[in-house]
Amino acid sequence: MSRPGDERARRVRVSFEPSSPAADAARTLGIALPGAPVREADTVFLNDLMRAQLRLAGACLIGFVLMSLVLTAAIMIIANTTDPAVFGVPLSWLLQAYAYYPIILVFSVVFARSAARNERRFRALAEDENDRTMR
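Residues numbered from 1 in each chain as written. Predicted model: local features only at pLDDT ≥ 70, side-chain atom pairs only at ≥ 80, totals over all residues. Heavy atoms only, no water.

A. Geometry of the overall build of the chain. Within the chain, the regular secondary structure consists of four helices and two strands. In the chain, the succession of helices and strands from N to C terminus is α-α-β-β-α-α. Within the chain, buried positions represent 16% of all 135 residues. For the chain, restricting intrachain contacts to residue pairs at least 6 apart in sequence, the fraction spanning at least 24 positions comes to 59%. Summing over all exposed atoms, the chain offers an accessible surface of approximately 11,400 Å²; the carbon and sulfur share of this is 63%. (Helix = DSSP H or I, 4+ residues; strand = E, 2+ residues; numbered from the N terminus. Buried < 20%, exposed > 50% of the residue type's maximum accessible area, 1.4 Å probe, protein only. Contact = heavy atoms within 4.5 Å. Areas by Shrake-Rupley, 256 points an atom, 1.4 Å probe, with all protein chains shown as cover.)

B. Inspection of the packing of aromatic side chains at higher detail. Under the defined criterion, the tally for this structure stands at one aromatic pair. When the ring of F64 is compared with that of F107, the centres are 5.9 Å apart and the planes differ by 80 degrees; the resulting orientation is edge-to-face. One end of the pair, F64, is in helix α2 (residues 40-80); the other, F107, is in helix α4 (residues 100-134), with 43 residues separating them in the sequence. (Phe/Tyr/Trp six-rings, centres within 6.5 Å; stacked < 30°, edge-to-face > 60°.)

C. Main features of unusual backbone geometry. With a phi angle near 55 degrees, F87 is a residue other than glycine that sits in the positive phi range. Of note, F87 is situated in the loop between β1 (85-86) and β2 (89-90).

D. Spotlight on the confidence of the model for the chain. Looking at the chain as a whole, the pLDDT averages 80, with 71% of positions reaching at least 70. Mean pLDDT across the secondary structure elements of the chain bottoms out at helix α1 (residues 21-26), with 53, and peaks at helix α3 (residues 91-98), with 91. (pLDDT = per-residue confidence, 0-100.)

E. How the structure looks around the pattern of salt bridges. Applying the stated criterion to the full structure yields two salt bridges. The closest approach of N and O atoms between R51 and D48, which form a salt bridge, is 2.6 Å. With R51 and D48 both in helix α2, this residue pair falls three residues apart, about one helical turn. A salt bridge links E119 to R123, with the shortest nitrogen-to-oxygen separation between them at 4.0 Å. Taken together, the residues span about one helical turn, with E119 and R123 both in helix α4 at a distance of four residues. (Salt bridge = Lys/Arg side-chain N within 4 Å of Asp/Glu carboxyl O.)

F. Representation of a positive patch on the surface in the model. A contiguous patch of positive charge, built from R113, R117, R120 and R121, is present on the exposed surface. With respect to the element layout, R117 can be found in helix α4. (Patch = residues over 30% accessible without salt bridge, like charges linked within 9 Å, V, L, I, M, F, W, Y side chains within 5 Å. Lys, Arg positive; Asp, Glu negative; His and termini not counted. Charge placed at Lys NZ, Arg CZ, Asp CG, Glu CD.)

G. Region of the structure containing a nonpolar patch on the surface. Taken together, L61, I62, V65, L66 and L69 make up a surface patch of nonpolar side chains, about 490 Å² in accessible area. Position of I62 among the secondary structure elements: in helix α2. Under the relative-accessibility criterion, I62 is labelled exposed at 54%.

Structure (structure tokens):
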């Protein structure tokens, strides 16, 4: 509620005016510094890298979950049948305690190496494209 002596702020209408095609061509798409030229090949390579990394992460996740389920099923089968003792400790206990760590290690190494390989390929493609545009 305002008092009679208060002045109200005036409304300002903001509108968007379409820019010229030349300004649209110089506009960056969030992958370069403002005002820097955008090369379409860089955008394509970057999108391909992101898709490859996402596929890799999904494949590693699915593989890890499947391997964990197989190991869990094996532990349950061993525990419900003949659970042999190793140094007085049931085998199912040892598997629960120590078998998951090698699986985690293997999947983490596979993911790290594959992600680095994807990034090396991206850099090689980007450098090739930059060399071609420099000529």
